[in-house]
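# Tertiary structure, described
Listed below, chain by chain, are the residues.
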Amino acid sequence: QVQLVESGGGLVQAGGSLRLSCAASGRTFSNYAMGWFRQAPGKEREFVAAINRSGGNIEYGDSVKGRFTISRDNVKNTVYLQMNSLKPEDTAVYYCAADFSPFSGPASTKSGMYDYWGQGTQVTVSS
C-alpha cells in the first residue's frame, strides 16, 4: 500500500500561484510514476501532469502547459505541482496518484493506470 497526502491548496486570486505537495509513504517512492489530476464540480476527472519514476519524462495536460510544473524529490518521497498564472477555470479538487512502474518508461496520462490516490486538496481561483 502507498499512502498519499496532498497539501498546499487554498484560495488565490487569478494570476496568482500555489504549490501543491504530495507526500508518499508505505512503499519505495522511486518505483512509482506520479500524476496530478483534478476534478471540478459536475465535470470529469482531468489529467494535469505526470512524472515518471526517474523524473526524466514529464507530461502535461493541454490546459496547463506553460503554467504548471511538476517535479519530484525521491529523497523526500514527495511530488510537487507548481501552479502559476492561475485562472478561475483551474478551480477544482486536485489529486495526486501513484502508478507502480517497474521500468523507467513514460508516465501515464490515464487515471485508470494509477493504483493509489490521495484524498485531494481544494484549489479555488477567484476572478
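Look up a bit, the structure's there.
Residues numbered from 1 in each chain as written. Predicted model: local features only at pLDDT ≥ 70, side-chain atom pairs only at ≥ 80, totals over all residues. Heavy atoms only, no water.

### As for the overall build of the chain
- Scanning the chain from N- to C-terminus turns up 0 helices and 11 strands.
- Along its sequence from the N terminus, the chain presents helices and strands in the succession β-β-β-β-β-β-β-β-β-β-β.
- Against the 2.2 N^0.38 benchmark of 14 Å for 127 residues, the chain shows a C-alpha radius of gyration of 13 Å, consistent with a compact globule.
- Taken along its principal axes, the extent of the C-alpha atoms in the chain is 45 × 30 × 25 Å.
- Across the 127 residues of the chain, 45% fall into the buried class. (Helix = DSSP H or I, 4+ residues; strand = E, 2+ residues; numbered from the N terminus. Rg over C-alpha atoms; globule rule 2.2 N^0.38 Å. Buried < 20%, exposed > 50% of the residue type's maximum accessible area, 1.4 Å probe, protein only.)

### Regarding the state of the cysteines
- Here the structure, examined in full by the defined rule, presents 1 disulfide.
- Covalently, Cys22 is tied to Cys96 through a disulfide, its sulfur atoms 1.9 Å apart. Of the two residues, Cys22 is situated in strand E3 (residues 18-25) and Cys96 in strand E9 (residues 92-100); the sequence distance between them amounts to 74 residues. Neither residue differs from the other here; Cys22 and Cys96 are each classed as buried. (Disulfide = S-S within 2.5 Å.)

### Description of the nonpolar core
- Within the largest apolar cluster, 29 residues are counted, with the highest numbers of intra-cluster contacts made by Leu4, Met34, Trp36, Leu81, Met83 and Tyr94.
- For this core, the secondary structure elements donating two or more residues are E3, strand E4 (32-39), strand E5 (46-51), strand E7 (68-73), strand E8 (78-83), E9 and strand E11 (121-126).
- Counting residues in hydrophobic clusters, the runner-up holds 7 residues, among them Ala33, Phe37, Ala50 and Ala97. (Core = buried A, V, L, I, M, F, W, Y, C linked by side-chain atoms within 4.5 Å.)

### A short note on the packing of aromatic side chains
- Tallying each qualifying case throughout the model produces 6 aromatic pairs.
- Where Phe37 meets Tyr114, the ring centres are 5.3 Å apart and the plane angle is 75 degrees; that geometry is what we call edge-to-face. Note that Phe37 is positioned in strand E4 and Tyr114 in the loop between E9 and strand E10 (116-117), a separation of 77 residues in sequence. For the residue pair Phe37 and Tyr114, the accessibility class agrees, reading buried in each case.
- Between Phe37 and Trp117, the aromatic rings sit 5.1 Å apart at their centres with planes inclined by 50 degrees, giving tilted as the arrangement. (Phe/Tyr/Trp six-rings, centres within 6.5 Å; stacked < 30°, edge-to-face > 60°.)

### So, the pairing of E7
- Residues Phe68, Ile70 and Arg72 of E7 are buried on one face, while the alternating residues Thr69, Ser71 and Asp73, pointing to the opposite face, are not.
- As paired elements, E7 and E8 share 6 bridges and run antiparallel to each other. Within E8, the position partnered with Thr69 by the bridge is Gln82.
- Here E7 folds back onto E8, and the loop between the two strands holds 4 residues, one of which, Asn77, carries a positive phi near 55 degrees. (Pairing = 2+ DSSP bridges.)

### Thoughts on the environment of Ala14
- Here Ala14 shows up in the loop between strand E2 (10-13) and E3.
- Remark: the alpha-carbon pair of Ala14 and Arg27, spanning 13 residues in sequence, is separated by 37 Å.

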